[in-house]
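Secondary and tertiary structure notes
Each chain, written out:
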Amino acid sequence: MLLHVLRLCLPTNDINSRQALPLDPLGPATRESMATGKLVKAFWRFGRPAQLSGRVSDIHAHGRLYASATVAQPVHSDIPGENRVLTQPLSHPDFFRLSELFSLKDLFEARVHLGHKKGCRHRLMEPYLFGCRLDQDIIDLDQTVELLQQALNFTAHVAYRGGVILFVSRRRQFCHLVESMARDCGEYAHTRFWRGGLLTNAPIQYGPGVRLPDLIVFLSTLNNVFQQHVAIRDAAKMNIPTVGVLDSNCNPSLVTFPIPGNDDTPCAVELYCKLFKMTINRAKDKRRQMNLLHGFLNPGSEEPHS
Amino acid sequence: MAGSRLEKFGTIFTRMGDLIRGGVVKAKDVPVWYDIYAAFPPKKDPLYVKPMAKRYGKVTVTVPEIFYKEDAVRAKFYAVYGTGPRAFELSKSNFISTCQRFVEKYSELERQGEVPEEALFEETGRALLAEGVMLRRRGGPSVSGKVAPENRDPVLGMRLKDMLSELQTDTAGKAQAEGEQVQGESTGTPH
């Protein structure tokens, strides 16, 4: 199984550099970058502990060429006490390869660009709008792609570190979908009436020592009377970051990672649910892989606690 | 557990950063998201924006209207023919409606350049007819909304009072005629 974890598609480099075998200390980056896979495999066979000093660079720059497994990285860090399992993903712009999950065309076909009518427009959503076609607001999908990428990346990192994610949506049409999606990725959902002190008065309402969510994801930021959901303000009060799908009639001011997009059409909401589920599952799988990798290559050290 | 509930001042990141810097939040209590936020901050800081009911000064339009050159042709099509003969099938993403076919044919003829500007519209209609698309005119744009007086249906000009008075004169006339007839007969018979 570990062989499967470390399987790599090796880039085509010049033949000379293939001489870099386990006994050779790592030199220039070119040799490193192509030989790592072979090196690590060779290490198990020869039973040598990982003595790889320099960092392997730029394998991720080639995006889709490489296998879905985590890249084998040296786990001993330069800084003592640093937990590489936690810090290493932060150095890559797209560690979980989330840009593969969706494209602008997918968003267009799921009708994410359709907003409400001109009269319902919120003043603060104007920067996110592409234009207005016969009084219907059209959301700028170029911005949506970028912001969705950022939001999914943040969600993945939170899930990677074992954070508690809460999905909130007050749309009764999608209540079942959101709840089943949350159950499928092992996280939590709240799609019913929000009692006043759920976050701000949690120790009284739930008992002492309750753990609050580390991220709240809103599939729709409005409640049933078209006012902003109380949880957005409460999450800002309790210093909990929020990710929210904002339609053209929503207020984007307190949402940490806004995603301008349609929150009314079923196909759009199904797309969001699918993307969040895949992101969180990917992140949790990678965490398990990294734990195994760290545990194997470094059997003496303790298990990293998230 | 220390916290700062002032959502209207700064962002969650700045407030948490200040708590950590001030030593109120210990290293073991730093939330999960703090390092992630530091590595991947959002494009725009999630600051609280006060809701302003009224906009002062000149309102600059930042959301442009989306119009295409073909919209002129579409408007004319809908004015002349109303909604096309075929209903829109919205479930198909590659669906081409009658209006869209018309517009495509129009732009094709325009590009070819053989037909003069004024006759383009008629020419497109004829071309589509040749292809088998039946277009029924709703009311031509060249004719003004009203029909010429001499072509109006005379029934439209009639009023109820006139109809009743006509009816009365008819019945009176008939009665008179009958009366005369009867009298005529009666005067005739004693002969």
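Residues numbered from 1 in each chain as written. Chains lettered and ligands numbered in written order. Predicted model: local features only at pLDDT ≥ 70, side-chain atom pairs only at ≥ 80, totals over all residues. Heavy atoms only, no water.

1. Topic: the overall build of chain B
Filter applied, for reference: Going along the chain from the N terminus, every DSSP run of H or I of four or more residues is numbered as a helix, and every run of E of two or more is numbered as a strand. Buried, partly exposed and exposed residues are distinguished by accessible area as a fraction of the type maximum, computed with a 1.4 Å probe on protein chains only: under 20%, between the cut-offs, and over 50%, respectively. Each accessible area value is a Shrake-Rupley result obtained with a 1.4 Å probe; residue values ignore everything except the protein chains displayed when judging cover.
When its secondary structure is counted, chain B shows 6 helices and 0 strands. Its helices and strands in sequence order give chain B the pattern α-α-α-α-α-α, from N to C terminus. Looking at chain B as a whole, 23% of its 191 residues are labelled buried. Taken as a whole, chain B presents about 14,700 Å² of accessible surface, with 56% of it coming from carbon and sulfur.

2. Brief notes about the interface of chain B and chain A
Our working rule: Residue contacts follow a heavy-atom distance rule, with two residues in contact if any of their heavy atoms lie within 4.5 Å. Two parts placed together each lose some accessible area under a 1.4 Å probe, and adding up what both lose gives the buried area. Salt bridges are counted wherever a side-chain nitrogen of Lys or Arg sits within 4 Å of a carboxyl oxygen of Asp or Glu.
With 35 residues of chain B in contact, the opposing surface of chain A contributes 40 residues. Contact between chain B and chain A buries roughly 3,300 Å² in total, counting both sides, with carbon and sulfur atoms accounting for 59%. Of all residues in chain B, Arg5, Phe40 and Val63 of chain B bury the most surface against chain A, accounting for 20% of the area lost on that side. At the surface where chain B touches chain A, the tally comes to 5 salt bridges.

3. A few points about a nonpolar patch on the surface
Residue and element names in this part refer to chain B. Note the threshold: The patch calculation keeps residues exceeding 30% relative accessible area without a salt bridge and links them within 9 Å when they carry like charges or within 5 Å when they are nonpolar (Val, Leu, Ile, Met, Phe, Trp, Tyr).
Together, Met158, Leu160, Met163, Leu164 and Leu167 line one region of the surface with nonpolar side chains, adding up to about 510 Å² of accessible area. Within the secondary structure layout, Leu160 lies in helix H6 (residues 160–188). Overall, the relative accessible area of 63% leaves Leu160 in the exposed class.

4. Focus: the sheet that holds strand E3 (residues 136–139) of chain A
All names here are of chain A. Rules: Strands were regarded as paired on the criterion that DSSP finds at least two bridges between them. Lines fitted to C-alpha atoms define the axes, with helix axes restricted to the stretch in contact, and inter-axis angles between N-to-C directions lie between 0 and 180 degrees.
Within the open sheet, the 3 strands sit side by side as E1-E3-E2. Their pairing is antiparallel. Each having just a single partner strand, strand E1 (114–117) and strand E2 (129–133) make up the two edges of the open sheet. Here the strands of the sheet are splayed against their neighbours by 30° on average, with no regard to which way each runs. The pairing of E2 with E3 spans 4 bridges and is classified as antiparallel. Pairing of Cys132 across the sheet is with Asp137, part of E3.

5. Digging into the confidence of the model for chain A
Residue and element names in this part refer to chain A. Put simply, the rule is: Residue-level confidence of the predictor is summarised by pLDDT, bounded by 0 at the bottom and 100 at the top.
In this model, chain A carries a mean pLDDT of 80, and residues with pLDDT of at least 70 account for 70%. Below a pLDDT of 50 lies the segment residues 46–72, which in the model reaches 50 contacts outside its immediate sequence neighbourhood of four places, other chains included. Predicted confidence is poor over residues 302–306, with pLDDT under 50, and the contacts of this stretch with residues over four places away or in other chains come to 13 contacts.

6. Looking at the pattern of salt bridges
Summed over the entire model, instances satisfying the criterion amount to 24 salt bridges over all chains. In this structure, Arg133 of chain A engages Asp71 of chain B in a salt bridge whose closest nitrogen and oxygen atoms are separated by 2.6 Å. Within this pair, whereas Arg133 of chain A is found in strand E2, its partner Asp71 of chain B is found in helix H3 (residues 71–81), the two belonging to separate chains. Among the salt bridges present, the one from Asp29 of chain B reaches Lys28 of chain B, with a minimum N-O distance of 3.5 Å.

7. What about helix H1 (residues 12–21) of chain B?
When we look at burial in H1 of chain B, the residues that qualify are Ile12, Arg15, Met16, Gly17 and Leu19 of chain B. Residues of H1 of chain B that are buried sit in contact with helix H8 (230–237) of chain A together with helix H2 (33–39) of chain B. Trailing H1 of chain B by a residue or two, Gly23 of chain B shows a phi angle of about 80°, which is positive.

8. Remarks on the packing of H3 of chain B against helix H4 (residues 98–112) of chain B
All names here are of chain B. To be explicit about the condition: In these notes the angle categories are as follows: under 35 degrees is roughly parallel, over 145 is roughly antiparallel, 65 to 115 is roughly perpendicular, and the rest is oblique. Two helices that cross are described as forming a left-handed crossing if the nearer one is turned anticlockwise from the farther one by less than a right angle, and a right-handed crossing if clockwise. Throughout, the ten residues Ala, Val, Leu, Ile, Met, Phe, Trp, Tyr, Cys and Pro are labelled nonpolar, Asp, Glu, Lys and Arg are labelled charged, and all others, Gly among them, are labelled polar.
One way to put it is that H3 packs onto H4 with a least axis distance of 10 Å and a crossing angle of 125°. Taken together, H3 and H4 sit at an angle that is classed as oblique. Every pair of crossing elements has a handedness; the one defined by H3 and H4 is right-handed. Listed contacts from H4 to Val73, Arg74, Phe77, Tyr78 and Tyr81 of H3 are Thr98, Cys99, Gln100, Phe102, Val103 and Tyr106. Partitioned by chemical class, the residues of the contact of H3 with H4 number 8 nonpolar, 2 polar and 1 charged.

9. A few points about the sheet that holds strand E7 (residues 242–246) of chain A
Residue and element names in this part refer to chain A. Spatially, the 5 strands line up as an open sheet ordered E5-E4-E6-E7-E8, and their pairing is parallel. Taken across any chain shown, the strands that pair with only one partner, and hence form the sheet edges, are strand E5 (188–190) and strand E8 (257–260). Neighbouring strand axes in the sheet, compared pairwise and without regard to direction, differ in orientation by 20° on average. Taken together, the 4 bridges between strand E4 (residues 165–168) and strand E6 (residues 215–218) define a ladder with parallel strand orientation. By the bridge assignment for E6, Ile165 is matched with Leu215. Across the sheet, helix H5 (residues 141–160) lies against E4, E6, E7 and E8, angled at about 140° from E8, the strand it touches most. This element, helix H6 (residues 175–184), spans E4 and E5 of the sheet and lies at about 160° to E5.

10. Describing helix H5 (residues 120–131) of chain B
Residue and element names in this part refer to chain B. Stated precisely, the cut-off is as follows: Helix span, expected: 1.5 Å multiplied by one less than the number of residues in the helix. Here, the arc refers to the directions that run from the helix axis to the C-beta atoms.
Relative to the 16 Å expected for 12 residues at 1.5 Å per residue, H5 spans 16 Å between its end C-alpha atoms, a close match to the ideal helical length. Within the sequence span of H5, burial applies to Leu120, Phe121, Thr124, Gly125, Ala127 and Leu128. The buried residues of H5 all sit within an arc of 165° when viewed along its axis, so they share a single face. Contacts made by the buried residues of H5 are with H3 and H4. Two residues or fewer past H5, Gly132 is found with a positive phi of approximately 105°.

11. Describing the state of the cysteines
Going by this rule: Count a disulfide wherever a pair of cysteine sulfur atoms falls within 2.5 Å.
One pass over the structure, following the stated rule, counts 0 disulfides over all chains. Left unpaired, Cys185 of chain A is separated from the closest cysteine sulfur, that of Cys273 of chain A, by 9.2 Å. Cys132 of chain A supplies the cysteine sulfur nearest to Cys99 of chain B, a cysteine that is in no disulfide, at a spacing of 20 Å.

12. Some remarks on the side chain of His157 of chain A
Tracing the backbone through its elements, the reader meets His157 of chain A in helix H5. Taking the relative accessible area as the measure of exposure, His157 of chain A reaches 1% and is therefore buried. Dropping the residues within four chain positions of it, His157 of chain A is found in contact with Pro89, Leu90 and Phe96 of chain A together with Ile36 and Phe40 of chain B.

13. Examining the environment of Gly113 of chain B
Tracing the sequence through the fold places Gly113 of chain B in the loop between H4 and H5. Among the residues examined, Gly113 of chain B registers a relative accessible area of 52% and is labelled exposed.

14. Some remarks on the confidence of the model for chain B
Residue and element names in this part refer to chain B. On average, residues of chain B score 83 in pLDDT, and 84% of them reach the 70 mark or higher. The spread of mean pLDDT over the elements of chain B runs between H6, the lowest at 72, and H2, the highest at 96. Considering only residues more than four positions removed or in separate chains, one finds that residues 140–145, a stretch of pLDDT under 50, has 1 contact.

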